[in-house]
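Report on the structure
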Amino acid sequence: MTAALESDYPPEGGWTTDDLDALPEDGRRRELLDGVLLMSPSPTRMHQSIAMLLGVALDEDCPDGYDVTQGVEVRINRTRSFIPDVLVTTATAAAREPSRYEPHEVVLAVEIVSPSTRSIDRVLKPALYAQAGIPFHWRIEIEDEGIVVYTYKIDPVHEVYTETGRWTKFVDTGEPFPVNLPISRITPRRV
């Protein structure tokens, strides 16, 4: 299927996860939205530093039964596949050493908003994560006054997230496990 990537046209019928699997491991971040291939530019240093610091901080508080990782694919269906910046999964799923997770294995999906993917990170991914049944979602915004973490919990009946907090000093939530995280711990050093 690499020929499709080299042409100006997608595969007939759109991209599928089978097509993703056939592509070379070249370090590019590829996601699927209803058969449309999304390729994001490389994240910024700030974005990656926040993801790393958040992953380490969550891992320190992570109880048995859960696992924290970064940038692993969540395969929603044959035509939808996303890569959250940080994930909390079940420990059972992580024990498989997967290169991708199923939505029911993901407890928390975190997106750090980038200028080039603002609408996708703020609107599209949360809607589709909720529709896939992922119980918790965090959105991290880099604003002029600092980092803001928005936390959400799924309303499983309506398959949408409801906001549970907007955090500018500490993330202090009991879900998916007790977290009392100073925002300063996930704020990268200024160079």
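Every value quoted in this text rests on a predicted model; they were computed, and no experiment measured them.

1. Considering the layout of surface pockets
One number sums up the size of the largest pocket: a volume of about 1000 Å³. Lining the largest pocket we find 41 residues, and of these Gly27, Arg28, Arg29, Arg30 and Ile83 sit closest to its centre. Among the elements of the structure, α2 (17-22), β1 (30-33), α3 (45-61), β4 (73-77), β8 (106-112) and α5 (118-131) are those that each provide at least two residues to the lining of the largest pocket. The biggest single contributor to the lining of the largest pocket is α3, with four residues. Looking at the lining of the largest pocket residue by residue, the class counts come to 15 nonpolar, 12 polar and 14 charged.

2. Points about the packing of aromatic side chains
Applying the stated criterion across every chain yields a total of three aromatic pairs. Between the aromatic rings of tyrosine 66 and phenylalanine 177, the centroid separation amounts to 5.7 Å while the plane-to-plane angle is 45°, which identifies the pairing as tilted. Within this pair, whereas tyrosine 66 is found in strand β3 (residues 66-70), its partner phenylalanine 177 is found in the loop between β12 (170-173) and β13 (179-182), the two being separated by 111 residues in sequence. What makes phenylalanine 177 buried here is its relative accessible area of 2%. Both rings, one in phenylalanine 82 and one in tyrosine 129, keep their centres 6.1 Å apart while their planes meet at 90°; by these two values the pair is edge-to-face. Here phenylalanine 82 is found in strand β5 (residues 80-82), whereas its partner tyrosine 129 is found in helix α5, with 47 residues between them in sequence. Assigned by exposure class, phenylalanine 82 and tyrosine 129 land together as buried. Just above the ring of tyrosine 150 sits the side chain of arginine 139; from NZ or CZ to the centre is 4.2 Å.

3. Some remarks on the nonpolar core
One finds Leu54, Leu58, Trp138, Ile140, Val149, Val171 and Ile186 to be the most contacted residues of the largest nonpolar core, which totals 26 residues. Residue assignment for this core shows that the elements contributing at least two residues are α3, β6 (86-90), β8, β9 (136-143), β10 (146-155) and β13. Looking at this core, the element that brings in the most residues is α3, giving six residues. For isoleucine 140, the contacting residues outside a window of four places in its chain are Ile50, Leu54, Val110, Glu111, Ile112, Val113, Ile147, Val148, Val149 and Ile186. Counting 21 residues, the second largest nonpolar core, distinct from the first, contains Leu38, Val72, Leu128 and Tyr152.

Parameters and conventions
Residues numbered from 1 in each chain as written. Predicted model: local features only at pLDDT ≥ 70, side-chain atom pairs only at ≥ 80, totals over all residues. Heavy atoms only, no water. 1 Å grid on protein atoms, 1.4 Å probe; cavity = no way out; pocket = protein on both sides within 12 Å on 5 of 7 lines; lining within 4 Å. Points joined across faces, edges and corners; volume = space filled by probe spheres on them. Helix = DSSP H or I, 4+ residues; strand = E, 2+ residues; numbered from the N terminus. Nonpolar A, V, L, I, M, F, W, Y, C, P; charged D, E, K, R; others polar. Phe/Tyr/Trp six-rings, centres within 6.5 Å; stacked < 30°, edge-to-face > 60°. Buried < 20%, exposed > 50% of the residue type's maximum accessible area, 1.4 Å probe, protein only. Lys NZ or Arg CZ within 6 Å of the ring centre and 35° of its normal. Core = buried A, V, L, I, M, F, W, Y, C linked by side-chain atoms within 4.5 Å. Contact = heavy atoms within 4.5 Å.

All quantities given are derived from atomic positions and should not be read as evidence of function.
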